[in-house]
Amino acid sequence: DIVMTQTPLSSPVTLGQPASISCRSSQGLVHGDGNTYLNWLQQRPGQPPRLLIYKISNRFSGVPDRFSGSGTGTDFTLKISRVEAEDVGVYYCMQSTQIPWSFGQGTKVEIK
Amino acid sequence: EVQLVESGGGLVQPGGSLRLSCAASGFTFSRYWMFWVRQAPGKGLVWVSHINNDGSSTTYADSVKGRFTISRDNAENTLHLQMNSLRAEDTAVYYCVRDWFGESLWGRGTLVTVSS
């Protein structure tokens, strides 16, 4: 099974400042169809997870453009260009290239 | 509106059974692979099971294999998870998830508590 490792696990950020979360997979995530199914989820306090980014860098419908994803191979990054109060929560990377799906441990983003 | 609504959670004693359901609406349910993902209190996300679009293929996490059964009724737009021989470590919020080539849609979840 593929293991996903996120860093940092906690990220205190000043409002308006950028934040960055890294995710590393234990093996490459390129699917047989040529796509890389590395996705990012946001879970606000008391809410279910919701999709932010799919296939490394595609923003899901309704996701603000301050969120961006990048990466290749086994190393991926989620960036928030300017953190807003509503961005507080836990962020998970996940791979859906292979079943079983696997998730990172989660990174808690909080305001300083 | 596209949505997934889980139901069937609750308090059950160790060794007991529960059947979770997920009602899908606003999209063609029979096109999509469906998944169950769970989250223990204060913990991260863990994949539980998947079923393909016509129900002919299923997979399970080792931790639930032989105890849980995933199924779907495409005529009723409903996904199910039959959970038997429940253990304390099965306590979690169970999310129903639709996936389309990485674009996932998550339900709000249903809480299962296994305790005596």
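Check the entry above for the structure.
Please read these numbers as outputs of a predicted model, since none were measured by experiment. (Residues numbered from 1 in each chain as written. Chains lettered and ligands numbered in written order. Predicted model: local features only at pLDDT ≥ 70, side-chain atom pairs only at ≥ 80, totals over all residues. Heavy atoms only, no water.)

This paragraph deals with the overall build of chain B. Helix and strand counts for chain B come out as zero helices and eleven strands. For chain B, the N- to C-terminal ordering of α and β elements is β-β-β-β-β-β-β-β-β-β-β. Compactness check: chain B gives a C-alpha radius of gyration of 13 Å against a globular reference of 13 Å for 116 residues, within 12% of the reference. In terms of overall dimensions, chain B has a C-alpha envelope of 40 × 25 × 25 Å along the principal axes. Looking at chain B as a whole, 47% of its 116 residues are labelled buried. (Helix = DSSP H or I, 4+ residues; strand = E, 2+ residues; numbered from the N terminus. Rg over C-alpha atoms; globule rule 2.2 N^0.38 Å. Buried < 20%, exposed > 50% of the residue type's maximum accessible area, 1.4 Å probe, protein only.)

This brings us to the layout of surface pockets. In this structure, the largest pocket spans a volume of roughly 350 Å³. Looking at the lining of the largest pocket, the elements that each hand over two or more residues are strand S9 (89-95) and strand S11 (107-111) of chain A together with strand S9 (92-100) of chain B. In terms of residue count, the dominant contributor to the lining of the largest pocket is S9(A) (three residues). Here the lining of the largest pocket is built from residues that sort into eleven nonpolar, eight polar and four charged. (1 Å grid on protein atoms, 1.4 Å probe; cavity = no way out; pocket = protein on both sides within 12 Å on 5 of 7 lines; lining within 4 Å. Points joined across faces, edges and corners; volume = space filled by probe spheres on them. Nonpolar A, V, L, I, M, F, W, Y, C, P; charged D, E, K, R; others polar.)

For the rest of this paragraph, the subject is the pairing of strand S10 (residues 103-106) of chain B. Residue and element names in this part refer to chain B. For S9 and S10, the ladder comprises four bridges, and the chain directions are antiparallel. Directly across from Arg98, in S10, lies its bridge partner Leu105. Taken together, S9 and the strand that follows it, S10, pair antiparallel across an intervening segment of two residues, in which Phe101 is found at a positive phi of about 50°. (Pairing = 2+ DSSP bridges.)

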